[in-house]
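# Tertiary structure, described
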Amino acid sequence: GGGVSIYDPATDRFTHHVADPEMPGALPAPATLYMVEAPDGRVHIGLGSNGIAVYDPQTGRFEHEAPAPGQAGRLQHETARTLLYDRRGDLWVG
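Scope of this entry: the structure provided in the associated data block. (Residues numbered from 1 in each chain as written. Predicted model: local features only at pLDDT ≥ 70, side-chain atom pairs only at ≥ 80, totals over all residues. Heavy atoms only, no water.)

### Brief notes about the pattern of salt bridges
This is how it is decided: The term salt bridge refers to a pairing of a side-chain nitrogen on Lys or Arg with a carboxyl oxygen on Asp or Glu at a separation within 4 Å.
Under the counting rule described, the total for this entry stands at 2 salt bridges. With a shortest N-O distance of 2.9 Å, arginine 42 and aspartate 40 are connected by a salt bridge. The residue arginine 88 makes a salt bridge to aspartate 90 at a minimum N-O spacing of 2.6 Å.

What follows is the structure, encoded as structure tokens:
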């Protein structure tokens, strides 16, 4: 179980992505708790206690935003249960 299914309206099909933390560009963790689309079309996915994955629909690849406590501009805690983009385009993580 777990992972993310992505629907492509052009083909009317779903593609299921399972977690493979060892594979570059793959979903880094199976638990997906929340998703939000960024203004640029990428999708940020809250991975519970594993940070955030960012899906790029142009490349079909995931990037992992791992926590980096103490580093300015980086995710400070490993838990990402809710995500929100505000009117300015800033991503809020709770």
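### Observations concerning the sheet that holds strand β6 (residues 61–65)
The test is simple: Any two strands with at least two DSSP-identified bridges between them are counted as paired. Strands are runs of DSSP state E lasting at least two residues, helices are runs of H or I lasting at least four, and both sets are numbered from the N terminus onward. The angle between two axes is taken between their N-to-C directions and runs from 0 to 180 degrees, where each axis is a line fitted to C-alpha atoms and a helix contributes only its stretch in contact.
If you trace the 4 strands from one edge of the open sheet to the other, you get β3-β4-β5-β6, paired in antiparallel fashion. This sheet does not close on itself; its edge strands, each paired only once, are β3 (34–37) and β6. The sheet shows a mean angle of 25° between the axes of neighbouring strands, taken without regard to direction. As paired elements, strand β5 (residues 52–56) and β6 share 5 bridges and run antiparallel to each other. Looking across to β6, one finds that alanine 53 is bridged to histidine 64.

### Notes on the side chain of histidine 17
What counts is decided by this rule: To sort residues, take the accessible area from a 1.4 Å probe on protein chains only and compare it with the maximum for the residue type: under 20% means buried, over 50% means exposed, and anything in between is partly exposed. Whether two residues are in contact is decided by their heavy atoms: any pair within 4.5 Å suffices.
Along the chain, histidine 17 falls in strand β2 (residues 13–17). When its relative accessible area of 19% is taken as the criterion, histidine 17 is described as buried. With residues near it in sequence (within four places) discarded, histidine 17 still touches Gly3, Val4, Ile6, Leu27, Gly60 and Phe62.

### Quick word on the pairing of strand β4 (residues 43–46)
Taken together, the 4 bridges between β3 and β4 define a ladder with antiparallel strand orientation. Looking across to β4, one finds that glutamate 37 is bridged to valine 43. Hairpin connection of β3 to β4: 5 residues between the antiparallel strands, including glycine 41 at a positive phi of 95°. Relative to β5, β4 runs antiparallel, the two being bridged by 4 bridges. Looking at β5, one finds that histidine 44 is bridged to valine 54. Turn length for the β4-β5 hairpin, with the two strands adjacent in sequence and antiparallel, is 5 residues, and the turn residue glycine 48 shows positive phi of about 65°.

Limitation: the analysis is restricted to geometry and does not speak to function.
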